[in-house]
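# Structural features, examined
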Amino acid sequence: MVMYNNSAEVNETPGLEEYLKAIQARKLLVLLAALIGLGLAYLYTNSRVANYSASSRVLVAPSPIRAPNPESPPAPNLETEREVLKSESLADEVVRAVAGVDNARQVLGELKVQFRNTSTVLTLTYTHEDPVVAAAVVNGFASSYTAQRVDQTNDIYQGQLSSVDDAIATITDQVAAIDSQLVSVEGKLNRADPTDLATGEILRADRNRISNERSQLTSELLRQNSGRSALLQKQRGRSIAAKVLELADPPSSPNGFGERILWAIGLIFGVTAGVVVAFIADRLDTTAREESDVELAVGGSVLGSVPPFGYGNRDGASSLVMLSENRSTRIQRAQESFRRLRTSIQYLSNSSNIASFMFTSSRPAEGKSTISSNLAVALAQSGKSTILVSADMRRPTIETTFGIRNESGLSNYLGHTGEEFPPVISIGITNLAFIPSGPLPPNPGELLESQRFRELIVQLEATYDFVIVDTPPVLSAADAAAAATSVGGVVVVVDSRRTDTQTLLQVRSDLERAGARIVGSLLNKDRKKSTRFWSRRDRYAYERVSAQVHSS
């Protein structure tokens, strides 16, 4: 027995083709993930609170403020100036001036002050729900800080000038006092007795002393006036301590990405997540979707594959697509698949001398009865005499498909030895006969394992070109294994969406243990499509032409 082993391919590095197959097999999952990502992005954009950020720029120049030597102020310390900008006193001033904010601490929490080490420019940014308030607040900080720094600098300069002016005023007063003394001494000297030489000498000495003091004060006054002129010239030549380079306009768009960009991000994220999940699910999936997996597990070649019919053709008479006059692409593809299966069965019959084929599956609802019915119709349409035997006596469905009353059939014949032949019913299709399952017997497994059933198959093989037998699923009842030894070959129907390889291994083991001859399998509900654009386009073009020919 050839054992199935799927470990050889699991360790291979997946290529682009494997990713594309995973996406193709689970495109609905990828689509759902994309819609979820897009929906989450939409909900986020509609639930988020829009915040607006406004920015202004302030140039900080050297100033004698906090300078150890006001005469030669150093370059500004921007770290210190940032702390000044974020002071509560300045925030209180802005809060009083701007409507829409009332909490200085909260305002400072939303204010950001940044700078570069190679620059003397402070960048102020404030964020608020109202773009007008955001611009007003950040402009208020920039203007208030600039005015404060300029005023402090001017106060220092004015203090320096006032000190010089006070000194000049003091000297001027002293000169005036000395002039009064000098006038008094000159008057005394003019009135003194010329013969009084001692008194005249004393008055002349006082006049000389006072004149010298006046000369010194006059020199000091000239020096102070010269210093004042130099100070004024220096103050005029100094740059302004701070200057607003740029005031903020109310921002027109909120912070972060716009709605469309967020939608695109959500869509891309959803698609990516869907692709990843689809690939992971594909790598973990043991469903027998590939023909090579099915062939290894079942132990026979895949005789064909049948695509899904669609919701309107799954049950009852509508599932007989071989009798459908619908010219849709889906029905055309299904009919062609059954014609290819018919060709495989005919070739297998000729090459192996087999006339009877039993169709079974691993579990219920995998489509074995639908496959058997449509194959029987396809064989009959090719001119081969065919009989369809409904041997699923537990849950017969072919009778419902053809609209036949299941009052008497195979179970009556196998259970009553007096009947020479089971009731063969004509269902109105040329070359096709049908044996219904009959009422549910208490022992269907024993009936299908009986010699009478073997003899029936031999008789049918002698009478018809093809005998198609529909039996219960292998793993649901022992009926299929019991009947398998009486037919020429067994075909296992595999649902490509749900049947895994381990289940197929169990089916194969049960059938081989019963002595059945597995001649092949059929891949049902196969959703695989050609990955080549041209072959897919040519196929659809052929189907369209075929539909036009049939309609004409």
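These numbers come from a predicted model, not from an experiment.

A word on the overall build of the chain. Counting its secondary structure elements, the chain contains 19 helices and 12 strands. A total of 552 residues make up the chain; the buried ones form 43% of that total. Nonlocal contacts in the chain, meaning residues at least 24 apart in sequence, comprise 80% of its contacts between residues at least 6 apart. By element, 53% of the accessible surface of the chain is carried by carbon and sulfur atoms, the whole surface being about 29,300 Å².

Turning our eyes to something else, we now look at the environment of leucine 440. Note on placement: leucine 440 falls in the loop between strand 9 (432-435) and helix 15 (444-448). The exposure class of leucine 440 is exposed, given its relative accessible area of 58%. Separated by 45 residues in the primary sequence, leucine 440 and arginine 395 have C-alpha atoms spaced 8.5 Å apart. Setting aside its immediate chain neighbours within four residues, leucine 440 contacts Met393 and Arg394.

Quick look at a nonpolar patch on the surface now. A cluster of nonpolar side chains, Leu32, Ile36, Leu40, Tyr42 and Leu43, forms an exposed patch at the surface whose accessible area comes to about 520 Å². Checked against the element boundaries, leucine 40 lands in helix 3 (residues 27-47). Exposure remark for leucine 40: the relative accessible area of 54% places this residue in the exposed category.

What follows covers the packing of aromatic side chains. Scanning the model with the defined rule gives two aromatic pairs in all. Considering the side-chain rings of tyrosine 42 and tryptophan 263, the 6.1 Å spacing of their centres and the 40° angle between planes classify their relative orientation as tilted. Residue tyrosine 42 is found in helix 3, and its partner tryptophan 263 is found in helix 9 (residues 259-284); the two are separated by 221 residues along the sequence. Cation over ring: arginine 452 sits above tyrosine 413, and NZ or CZ is 4.0 Å from the ring centre.

The next point concerns the pairing of strand 10 (residues 466-470). Most of strand 10 sits inside the fold, with five of its five residues counted as buried. Along strand 10, one buried face is formed by Phe466, Ile468 and Asp470 and the opposite face, lined by Val467 and Val469, is buried too. Direction of pairing for strand 6 (residues 356-361) relative to strand 10: parallel, over a ladder of four bridges. Bridging across to strand 10, serine 356 finds its partner in valine 467.

Since the α-helix turns once every 3.6 residues, residues separated by three or four places project in the same direction. With 26 residues, helix 9 extends 37 Å between its outermost C-alpha atoms, agreeing within 8% with the 38 Å of an ideal straight helix rising 1.5 Å per residue. Close packing links the buried residues of helix 9 with helix 2 (16-25) and helix 3.

With antiparallel pairing, the four strands of this open sheet are ordered in space as 2-3-1-4. The open sheet has two edge strands, strand 2 (111-115) and strand 4 (242-246), and neither has a second partner. Direction aside, neighbouring strands of the sheet carry axes that sit 30° apart on average. Most of the contacts of helix 7 (residues 131-191) go to strand 1 (residues 52-60), to which it runs at about 15°, and overall it touches strand 1, strand 2, strand 3 (121-128) and strand 4.

The next point concerns the pattern of salt bridges. Scanning the entire structure with this criterion turns up 19 salt bridges. Note that arginine 209 and glutamate 213 form a salt bridge whose closest N and O atoms lie 3.3 Å from each other. One end of the pair is arginine 209 and the other is glutamate 213, both in helix 8 (residues 197-237) and four residues apart, which spans about a single turn. Of the charged contacts, one joins glutamate 407 and arginine 405 as a salt bridge, the two residues approaching to 3.7 Å between their closest N and O atoms.

A word on the side chain of serine 362. One can find serine 362 in the loop between strand 6 and helix 12 (368-381). A polar side-chain atom of serine 362 sits 2.4 Å from a polar atom in the side chain of glutamate 366. Ignoring anything within four residues of it in the chain, the contact list for serine 362 reads Pro473, Val474, Leu475, Ser476, Val493, Thr499, Thr503 and Val507.

Take the nonpolar core next. Ranked by internal contacts, the top residues of the largest apolar core, which has 38 residues, are Leu410, Leu448, Phe453, Val469, Val492 and Leu511. When residues no more than four places from it in sequence are discounted, the contact partners of leucine 448 are Ala391, Met393, Leu410, Leu414, Phe453, Asp479, Ala482, Ala483 and Ser486. Core analysis: the next-biggest nonpolar cluster, separate from the first, contains 36 residues, Leu320, Leu388, Val493 and Leu522 among them.

An order of 5-12-11-6-10-7-9-8 is seen for the eight strands of this open sheet, with the pairing classed as mixed. Taken across any chain shown, the strands that pair with only one partner, and hence form the sheet edges, are strand 5 (302-306) and strand 8 (425-426). Contacts between helix 10 (residues 291-298) and the sheet are confined to strand 5, strand 11 (489-495) and strand 12 (518-524), with strand 12 contributing the most and set at about 145° to the helix. Where helix 16 (residues 451-463) meets the sheet, it contacts strand 6, strand 7 (386-390), strand 9 and strand 10, and its direction lies at approximately 145° from that of strand 10.

This brings us to the packing of helix 10 against helix 18 (residues 501-514). Contact geometry for helix 10 and helix 18: axes closest at 8 Å, N-to-C directions at 30°. When the axis of helix 10 is compared with that of helix 18, the two are roughly parallel. Once helix 10 is placed against helix 18, the crossing between them reads as right-handed. Touching Asp293, Val294, Leu296, Ala297 and Val298 of helix 10 are Thr501, Leu504, Leu505 and Arg508, all from helix 18. Classifying every residue of the contact of helix 10 with helix 18 by side-chain character gives six nonpolar, one polar and two charged.

Taking burial as the measure, the six residues of strand 6 include six buried ones, the bulk of the element. Judged by which residues are buried, strand 6 turns out to be covered on both faces: Ser356, Met358 and Thr360 on one side and Phe357, Phe359 and Ser361 on the other are all buried. Pairing geometry for strand 6 and strand 11, over five bridges, is parallel. Bridge assignment links serine 361 to a residue of strand 11, and that residue is valine 493.

Attention now moves to the confidence of the model for the chain. Detailed reading of the predicted coordinates is not advisable wherever pLDDT falls low. For the chain, the average pLDDT comes to 85, and 90% of its residues sit at 70 or higher. Taking the mean pLDDT of every element in the chain, the minimum, 42, falls on helix 1 (residues 7-10) and the maximum, 97, on strand 10. With pLDDT under 50 throughout, residues 1-11 is counted as low confidence; its partners more than four residues away or in other chains account for 10 contacts. For the stretch residues 529-552, pLDDT sits under 50, and the model shows 16 contacts to residues farther than four places along the chain or on other chains.

Direction vectors running N to C along helix 11 (residues 329-352) and helix 12 enclose 75°, while the axes themselves pass 9 Å from each other. Taken together, the axis directions place helix 11 and helix 12 in an arrangement best described as roughly perpendicular. Two secondary-structure elements touch here, helix 11 through Phe338, Leu341, Arg342, Ile345 and Gln346 and helix 12 through Ile371, Asn374, Leu375, Ala378, Leu379 and Gln381. Partitioned by chemical class, the residues of the contact of helix 11 with helix 12 number seven nonpolar, three polar and one charged.

Cut-offs used in this document
Residues numbered from 1 in each chain as written. Predicted model: local features only at pLDDT ≥ 70, side-chain atom pairs only at ≥ 80, totals over all residues. Heavy atoms only, no water. Helix = DSSP H or I, 4+ residues; strand = E, 2+ residues; numbered from the N terminus. Buried < 20%, exposed > 50% of the residue type's maximum accessible area, 1.4 Å probe, protein only. Contact = heavy atoms within 4.5 Å. Areas by Shrake-Rupley, 256 points an atom, 1.4 Å probe, with all protein chains shown as cover. Patch = residues over 30% accessible without salt bridge, like charges linked within 9 Å, V, L, I, M, F, W, Y side chains within 5 Å. Salt bridge = Lys/Arg side-chain N within 4 Å of Asp/Glu carboxyl O. Phe/Tyr/Trp six-rings, centres within 6.5 Å; stacked < 30°, edge-to-face > 60°. Lys NZ or Arg CZ within 6 Å of the ring centre and 35° of its normal. Pairing = 2+ DSSP bridges. Expected span 1.5 Å × (residues − 1). Axes fitted to C-alpha atoms, helices over the stretch in contact; angles between N-to-C directions. Polar contact = N/O pair within 3.5 Å; in protein donor to acceptor, adjacent residues only side chain to side chain. Core = buried A, V, L, I, M, F, W, Y, C linked by side-chain atoms within 4.5 Å. Parallel < 35°, antiparallel > 145°, perpendicular 65-115°, else oblique. Left-handed = near helix turned anticlockwise from the far one by under 90°. Nonpolar A, V, L, I, M, F, W, Y, C, P; charged D, E, K, R; others polar. pLDDT = per-residue confidence, 0-100.

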